[in-house]
Amino acid sequence: MGWIVFFNIVTPWILAFFIFYAKNDKVTNFLTFLTLPMLIIFAFLAYINHSYPLISTPEFLDYLIGVYDFGLLGYFLYQGIIKKSFLVTSLAIIQILFLIIVLLMKNYSDTPDIFVDNLTKLFYFIVALVGVPIAIYATKYMEYDEKEKHRFVAIIIWFLGVMNFAVSVNNIEWFFALFETTTLASFILIGFRKDEEATNNAVLALWMNQIGGVAILISLMIFIHVNGIYHFSDLLNHPASVSLAGLGFLSLSALVKGAQMPFHKWLLGAMVAPTPVSAILHSATMVKIAPFLILRISPIIKGTLLAKLLIIATGYVFVVAAIIALTQNNFKRILAYSTISLLGLMMLSAAVGTPVAVVASIILIIFHAFAKGFLFIEAGILEKAFQIKYIEQMKRLIEKAPLTLMFLFFGFLNMTFVPFGTFIGKWLMIEEASNFLSHGSYMILILYVGAGSAFLSVLYMKVLGVSVRKTHGISNIKFIPLPKRFNFVSIWYYLWLLALGLFIAPFIADFVVPVANSITGAYAAVTSDHLTLYVGNSTLYFWQILGAMVILTLIHALPYLVKFKVDTVHPYNCGEVFPKYIGTFNFECIKKYENILIAFSIALFILVVVLGGGLL
């Protein structure tokens, strides 16, 4: 097992190294494509290997990670000084001081530093199946009007290796090193274009994520001082005695990395980077560390005040981010707010911690990764091939980009319709929440899931509604050929989402439920009989899944087949102004409340740390 884990981690680092130094188109394209089968094979080998999840490593590696930590924090300090950022500089100094304290406090432990359970193996698959296609897409995207293609693709692939390493570690000090390495990767990628806006947003992402790093170091100091342990497996083995304060700070780092309000602006700022950066941050790496971390500690925090406050804070973000997304016009910012919202739901489900809730969280992680990678890929195609960045520009999109519109349709339907995983995840959470009706403190859970799901559905329908508007009728649909690498990646995601949707019952029962069972140590009552899904007393029959698929196919074809003759208006328009009486996609009135909504999220954030962590 050790060697399989080694190859899952090291392969992307090695291939990225060759791409970075070869600086040759053929080498970059070949090695990037090669990464896909290699990581899929290594992920599969890890999946079928059922050996002991804890893996020991050579002792020198621990010293090496310590040296690496100081080198990384030294780089942050250097960037803070040359970028004249007081926050980056101050936080880097604090991190260095706290790291020294942690190393001085830390005693020898014979607990292995690598922990590869079913949750880790799940993320190996996400990195391989969702992350690598984004790197393939980037090899073409960067040929348009971008610079340093080889360096960019190399960083993307290296980032995948970092993610595989981050989800494999058991030692929390190592996790801190990987957590901050993802911060470094995002800092480099967000600032890749090196203009003023990119640099400022990269610095913003850096200091915000450094706060998460500080929180991990504080949690380490508490765990070592109170419990004398600093490995995830040791925390899981002593749930009753683990310090809630330490878990509170660990949760804080997840909220920061998951761009939960009020720390959401770093993810919004990342939209200035080349689109593959947005795709990789939102789908397979970076923000997914947040639900991963909450799932990792889920069995310990379940039922505690910390869990309840996490539910309140992340549920609030689930709803409010969806509402604010309605006010946005930039397509990528809409996708970003949608990610922030759904990350809230993933963490909420993980914090609930029951077997079914954990199943829901995992389903959301998987399907959100595929769907959001897919949608950002299409956003990049709109940007580069059709010069479209705003949804206002998407009117009559069917004439310019019918294939891309079809993919966008499918991506958004994946986020909201049956039988796709995002819908199933929300359904499971509502089912699970109904079991808490007798618990007053959990009543808000049902309100959150219902309201957030409704607002997100309105959001997706709003975008689709604009893109298929046919005012003045449709004329001359033009199929503009797209690059093969763009089509390959689009079809890759399309087929995966189609297959996962069609076979969702056995996929959940045979793949997702065992992962959830291994996390919670209990049985999740989610089963399948052939292609029918059973959740408690509720059933999703295969004919219903198939019927939904047929309807979705019809929705796909609708814009191409239906001809409205009544919609051609104003034929003799001579410049008159026609006042707008009502609109279906204008939610500007919400904007004036945005600061109030964010201010409230700050209060919830503080509550999570202070009350949830038992600091009072």
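Residue positions are given per chain, counted from 1 along the sequence in the order it is written. Per-residue local features are limited, in this predicted model, to residues with pLDDT of at least 70; the limit for side-chain atom pairs, both in listing and counting, is 80 or more; totals at the level of whole chains, interfaces and linings are taken over all residues. Neither water nor hydrogens contribute to the side-chain values; these are computed over all heavy atoms in the structure.

A closer look at the overall build of the protein chain
Phase 1 of the analysis: A count of helical and extended segments in the protein chain gives 24 helices and five strands.
Phase 2 of the analysis: For the radius of gyration, the atom set is restricted to C-alpha positions; the globular benchmark scales as 2.2 Å times the number of residues to the power 0.38. For 616 residues, the compact-globule formula gives about 25 Å, and the C-alpha radius of gyration of the protein chain, at 24 Å, lands near that figure.
Phase 3 of the analysis: Structurally, the protein chain occupies a C-alpha span of about 80 × 60 × 50 Å along its principal axes.
Phase 4 of the analysis: Counting the 616 residues in the protein chain, one finds 61% classified as buried. Note on conventions: DSSP H or I runs of at least 4 residues are helices, E runs of at least 2 residues are strands, and numbering of each starts at the N terminus. Only protein chains enter the area calculation, which uses a 1.4 Å probe; residues under 20% of their type maximum are buried, those over 50% are exposed, and those in between are partly exposed.

Quick notes on the environment of Met105
Phase 1 of the analysis: Relative to the assigned elements, Met105 resides in helix H4 (residues 86-105).
Phase 2 of the analysis: Look at Met105 and you get partly exposed, because its relative accessible area is 26%.
Phase 3 of the analysis: For the pair Met105 and Lys149, spaced 44 residues apart in sequence, the C-alpha separation works out to 44 Å.
Phase 4 of the analysis: Ignoring sequence-local partners within four residues, the contact set of Met105 consists of Met221, Ile224 and His225. We call two residues in contact when some of their heavy atoms are within 4.5 Å.

Here we look at the nonpolar core
Phase 1 of the analysis: Phe331, Ile362, Ile366 and Ile508 are the most contacted members of the largest nonpolar core, which has 238 residues in total.
Phase 2 of the analysis: With 22 residues, the single largest contributor to this core is helix H16 (residues 355-386).
Phase 3 of the analysis: Not counting residues up to four positions away in its chain, the partners in contact with Phe331 are Leu375, Ala379, Leu382, Lys389, Tyr390, Ile391, Met394, Leu408, Phe412 and Val463. Throughout, nonpolar core names a set of buried Ala, Val, Leu, Ile, Met, Phe, Trp, Tyr and Cys residues whose side chains join them through atoms within 4.5 Å.

Quick look at the confidence of the model for the protein chain
Phase 1 of the analysis: Per-residue confidence from the predictor is reported as pLDDT, a score between 0 and 100. Within the protein chain, residue pLDDT values average 86, and 90% of them lie at 70 or more.
Phase 2 of the analysis: Averaged pLDDT values over the elements of the protein chain bottom out at 74 in helix H24 (residues 594-610) and peak at 95 in H4.

A short note on the packing of aromatic side chains
Phase 1 of the analysis: Centres within 6.5 Å make a pair out of two Phe, Tyr or Trp rings, where for Trp the six-membered ring is used; the pair is then stacked when the planes are under 30 degrees apart, edge-to-face when over 60, and tilted otherwise. Under the counting rule described, the total for this entry stands at 31 aromatic pairs.
Phase 2 of the analysis: Centroid distance Phe17 to Phe18: 5.9 Å. Interplanar angle 80 degrees. Geometry classified as edge-to-face.
Phase 3 of the analysis: Residues Phe20 and Tyr21 carry aromatic rings whose centres are separated by 5.0 Å and whose planes lie at 75 degrees to one another, so their mutual orientation is edge-to-face.
Phase 4 of the analysis: Through a chain of ring-to-ring contacts, three or more aromatic side chains come together here, namely Phe374, Phe407, Phe410, Phe420, Tyr493 and Tyr494.
Phase 5 of the analysis: Ring-over charges, as used throughout, are those where CZ of Arg or NZ of Lys falls within 6 Å of the ring centre and within 35 degrees of the ring normal. Above the ring of Phe179, the side-chain terminus of Lys257 is found at 4.1 Å from the ring centroid.
Phase 6 of the analysis: Between the NZ or CZ atom of Lys384 and the centre of the ring of Tyr141, over which it lies, the distance is 4.8 Å.

What about the side chain of Asn170?
Phase 1 of the analysis: Secondary-structure assignment places Asn170 in the loop between helix H6 (149-166) and helix H7 (172-190).
Phase 2 of the analysis: According to the relative accessible area criterion, Asn170 is buried, its value standing at 0%.
Phase 3 of the analysis: Dropping the residues within four chain positions of it, Asn170 is found in contact with Leu54, Thr111, Pro112, Asp113, Ile114, Phe115, Tyr230, His231, Phe232 and Ser233.

Some words on the pairing of strand E4 (residues 532-535)
Phase 1 of the analysis: Note on pairing: DSSP must find at least two bridges between two strands before they are called paired. In terms of strand pairing, strand E3 (residues 526-529) meets E4 through four bridges, oriented antiparallel. Residue pairing in the sheet places Val526 in a bridge with Val535 of E4.
Phase 2 of the analysis: Hairpin connection from E3 to E4: two residues lie between these consecutive antiparallel strands, with His530 at a positive phi of about 55 degrees.
Phase 3 of the analysis: Where E4 meets strand E5 (residues 538-540), three bridges bridge the pair, whose relative direction is antiparallel. If you follow Leu533 over to E5, its bridge partner there is Leu540.
Phase 4 of the analysis: Between E4 and the antiparallel strand that follows it, E5, lie two residues; Gly536 among them carries a positive phi value of about 60 degrees.

Some remarks on the pattern of salt bridges
Phase 1 of the analysis: Whenever Lys or Arg places a side-chain nitrogen within 4 Å of a carboxyl oxygen from Asp or Glu, that contact is recorded as a salt bridge. Per the counting criterion, the structure on display carries 10 salt bridges.
Phase 2 of the analysis: Among the salt bridges present, the one from Asp62 reaches Lys106, with a minimum N-O distance of 3.3 Å. On the criterion of sequence distance, the pair formed by Asp62 in helix H3 (residues 59-82) and Lys106 in the loop between H4 and strand E2 (114-115) is long-range, its members being 44 residues apart.
Phase 3 of the analysis: Judged by its relative accessible area of 21%, Asp62 is partly exposed.
Phase 4 of the analysis: Among the ionic pairs, Arg151 bridges to Glu148, the shortest N-O distance being 3.6 Å.
Phase 5 of the analysis: A relative accessible area of 23% places Arg151 in the partly exposed class.
Phase 6 of the analysis: Taken together, the shared-partner salt bridges in this structure form one network comprising Asp25, Lys140, Glu143, Lys149 and Arg485.

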